[in-house]
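Results of the structural survey
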Amino acid sequence: MTYPAPIALVALTQRGAETALRAREILPSAVIYGKADRVTGADHTFDDTLACLRELYAQGWTVIGLCAAGILIRALAPLAADKWQDAPVLSVSEDGTMVVPLLGGHRGANSLATQLADGLGGTAAITTAGDRTLGFALDDPPAGWTLKTPQAVKSVTARLLAGETVTLRPECGDPSWPPKEVFQSVGPGEVPQVLITDRQVEPATGQVVLTPPSLAIGIGCERHAPADGLVDFVQSVLADTRLDPSAIAAIGTVDLKGDEAALKAVSQALDRPIRLFTAAELEALTPHLPNPSDVVFQEIGCHGVAEASALALAGRTARFVTEKRRSGPYTCAIARAQGASVDISAGRASGRLFVVGVGPGDAAYRTGAAARAILASDAVVGYRLYLDLAADLIGDKPVYESDLGAEEARAAKALALAAQGQTVSLVCSGDPGIYALATLVFELLAETQDRSLMAVDVEVVPGISAFQLAAARLGAPMGHDFCLISLSDLLTPVAAIRQRLAAAAQGDFVTAFYNPQSKRRRTLLPEAREVFLTQRPPTTPVALCRQLGRPEESVTVTTLQDFDPSVVDMFTLVVIGSSTTRAFDHAGTPRAFTPRGYADKRAQ
């Protein structure tokens, strides 16, 4: 399931930065980017304005420029695709008096412009005809709605703008949208030009069809019931009842089932969230159930799961489109909300944990996915240094930190918070799966018997690891086969490290050493040098890459015979080339690369 795109407020002047600070009071999750030579107090600075704008847009950020519209147009015009794909881009005058949505008007830019203008005391210069004249746009429905026929919107909107009669049939959904006074109602049997329905329909020629999230589906299943069977069952129920899957707002069940693979498979298939209810919450709805079950009550303490959880989401006034159906180990019921929206916040979530890699330090090497995950989180867990790397994204979210050696405590805390129904980010430097906490999270999950922990959805958000940035700084030392070895013996026996060193040296791999040396650990790095000298020429390039991605960054290249391990600390990544790795001076910059055989290919 998707999570919100991050918002960047890009200021080119100090006056624009002051307005950006006011805008962040309206959009608390926004991150402020400022021109390095003109702006102070920004979360991040940049030197090249066009490059910064293009990078943010390419990563999926919503871009709000505190600058002239022309700057944004020149930067982003080559990246614009079409109205159904363009991310929101807005231009805000430096004083905040004018807000202009440039791209993605019907993907949130127009509503964002209105929100900003209201908060800043300015004017939203919305130029899309429907919004300006009608006050709404058929291709910009409320959140959760699905426009089934985008190709039909233009002609129908043109008729509305011309004052011609357009007919509407709202079968379900929010009765306040779109405003009914603009349309003419139709009688039974007539074909409306705008149809709002949660049924599967074949649109008439030129007909606008919109599907609101009006349905709640409740599901029950036996323990460890096959996942594919439940997906097939739910899809068959939707097909039999001619209900559109996109009209499902949420999936409800009893909290005891939160860890069932079958429920998670349905959630993924429908791309809809699971909401969990206690047996007591579901039992309170028993008077409204058409098919209460004493058997279910004896087993879990409520008289129904499927029907009760559907009602818990859709409201007690909801009507059952489908009463409880059973197929083997599965039950399913669907309720339609009446005159209101399905409450997708009812109950609690099964919880979500992002294990996020924020890269080596510089925000320029932090992915858009990492930013979106942290911004979408309710709480953030991490070691203080790593939390500092993402401070601009964390803002005032609750933060839970622990000492450097307390990795298991951090992972356990993040899982525990997520098991309470929160969305949590566990922040790691570099990549979370490379000498970081992703492996520990899954180790804890594999060993637990706690079903609330097993119910947590875990997503690993990759980041740029130190060896990747080292390779980029050097040129291409990892252009051929390579390996990574940690020289820390805190978790790995020294004998195992020595075995791997010998294998890497003998295998002629380019080798990067993580955790190479600390104040206490002083023997393995000198040993590694001696091992590699037995298998590599003494002129083999060795790179010392220190504080990568941080202001103190330094990269030096020496040779294996001249390499002095005593100068290495824990902030250094050591890269030893293979027997074919070459180093050279590139106009004052040390470079290294490992050929893959293209020279031999050219010679053929």
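Our structure is the block above this text.
First, a word on scope: everything that follows refers to the structure included in this document. (Residues numbered from 1 in each chain as written. Predicted model: local features only at pLDDT ≥ 70, side-chain atom pairs only at ≥ 80, totals over all residues. Heavy atoms only, no water.)

**Quick word on the overall build of the protein chain**
Along its length, the protein chain carries 21 helices and 31 strands. Taking the principal axes of the C-alpha coordinates as reference, the protein chain spans close to 90 × 65 × 55 Å. The burial tally for the protein chain puts 48% of its 604 residues in the buried class. Residue pairs in contact within the protein chain that sit at least 24 positions apart in sequence constitute 65% of those at least 6 positions apart. Element-wise, carbon and sulfur atoms account for 52% of the exposed surface of the protein chain, whose accessible area totals about 27100 Å². In the protein chain, 53 positive and 65 negative side-chain charges are present, and the distance between their average locations comes to 3 Å. (Helix = DSSP H or I, 4+ residues; strand = E, 2+ residues; numbered from the N terminus. Buried < 20%, exposed > 50% of the residue type's maximum accessible area, 1.4 Å probe, protein only. Contact = heavy atoms within 4.5 Å. Areas by Shrake-Rupley, 256 points an atom, 1.4 Å probe, with all protein chains shown as cover. Lys, Arg positive; Asp, Glu negative; His and termini not counted. Charge placed at Lys NZ, Arg CZ, Asp CG, Glu CD.)

**A few points about the packing of aromatic side chains**
For the coordinates displayed, the defined rule picks out ten aromatic pairs. Relative to Trp61, the ring of Tyr33 has its centre 5.8 Å away and its plane inclined at 90°; by these criteria the two rings are edge-to-face. Here Tyr33 is found in strand E2 (residues 31-35), whereas its partner Trp61 is found in the loop between helix H2 (49-58) and strand E4 (62-66), with 28 residues between them in sequence. Their ring planes at 75° and their centres at 5.2 Å tell us that Trp145 and Trp177 sit as a pair that is edge-to-face. In this pair, Trp145 sits in the loop between helix H5 (129-134) and strand E8 (146-147) while Trp177 sits in the loop between strand E9 (167-170) and strand E10 (184-185), placing the two residues 32 residues apart along the sequence. By relative accessible area, which is 12% here, Trp177 ends up buried. (Phe/Tyr/Trp six-rings, centres within 6.5 Å; stacked < 30°, edge-to-face > 60°.)

**Some details on empty space enclosed by the protein**
What the rule picks out here adds up to two cavities of 30 Å³ or more. In this structure, the largest cavity occupies an estimated 40 Å³ of space. Together, Leu474, Pro477, Pro541, Val542, Ala543, Val557, Val575, Ile576, Gly577, Thr581 and Ala592 line the largest cavity. Counting residues per element, the ones that place at least two in the lining of the largest cavity are strand E27 (541-546) and strand E29 (572-576). It is E27 that provides the largest number of residues to the lining of the largest cavity, a total of three residues. Of the residues that constitute the lining of the largest cavity, the class distribution is nine nonpolar, two polar and no charged. In this model, the second largest cavity occupies a volume close to 30 Å³. Counting residues per element, the ones that place at least two in the lining of the second largest cavity are helix H7 (227-241) and helix H8 (261-270). Residues belonging to the lining of the second largest cavity are distributed by class as follows: five nonpolar, one polar and no charged. (1 Å grid on protein atoms, 1.4 Å probe; cavity = no way out; pocket = protein on both sides within 12 Å on 5 of 7 lines; lining within 4 Å. Points joined across faces, edges and corners; volume = space filled by probe spheres on them. Nonpolar A, V, L, I, M, F, W, Y, C, P; charged D, E, K, R; others polar.)

**Considering helix H3 (residues 69-76)**
Every buried residue of H3 is listed here: Leu72, Ala75 and Leu76. In a view along the axis of H3, the buried residues occupy a sector of 75°, so they form one face of it. Structurally, H3 contributes buried residues whose contacts are with H2, E4, strand E5 (89-92) and strand E6 (98-103). (Arc of directions from axis to C-beta.)

**Some points on the pairing of E27**
Burial runs high along E27: five of the six residues are buried. Note that E27 and E29 share five bridges and pair antiparallel. Along E29, the bridge assignment pairs Val542 with Ile576. (Pairing = 2+ DSSP bridges.)

**Some details on the layout of surface pockets**
By volume, the second largest pocket amounts to about 1600 Å³. What lines the second largest pocket is a set of 44 residues, among which Tyr386, Glu407, Tyr435, Asn515 and Met570 lie closest to the centre. Among the elements of the structure, helix H13 (384-389), helix H15 (407-419), strand E22 (423-428), helix H16 (438-447), strand E25 (482-486), helix H19 (494-506) and E29 are those that each provide at least two residues to the lining of the second largest pocket. When its residues are assigned to classes, the lining of the second largest pocket shows 25 nonpolar, eleven polar and eight charged.

**What to know about the nonpolar core**
Ranked by internal contacts, the top residues of the largest apolar core, which has 36 residues, are Val10, Tyr33, Leu56, Trp61, Val63, Val356 and Ile374. For this core, the secondary-structure elements that each account for two or more residues are strand E1 (7-11), E2, H2, H3, strand E19 (352-357), helix H12 (368-375), H13 and helix H14 (391-394). Per element, the largest residue contribution to this core is five residues, and it comes from H12. Beyond its immediate chain neighbours, meaning those up to four positions away, Leu56 contacts Ala8, Val10, Tyr33, Trp61 and Val63. Core analysis: the next-biggest nonpolar cluster, separate from the first, contains 24 residues, Val237, Ile251, Ala262 and Cys332 among them. (Core = buried A, V, L, I, M, F, W, Y, C linked by side-chain atoms within 4.5 Å.)

**Things to note about a nonpolar patch on the surface**
On the surface, a nonpolar cluster with roughly 260 Å² of combined accessible area is contributed by Leu385, Met570 and Phe571. The topology assignment puts Leu385 in helix H13. Overall, Leu385 belongs to the partly exposed group, its relative accessible area being 33%. (Patch = residues over 30% accessible without salt bridge, like charges linked within 9 Å, V, L, I, M, F, W, Y side chains within 5 Å. Salt bridge = Lys/Arg side-chain N within 4 Å of Asp/Glu carboxyl O.)

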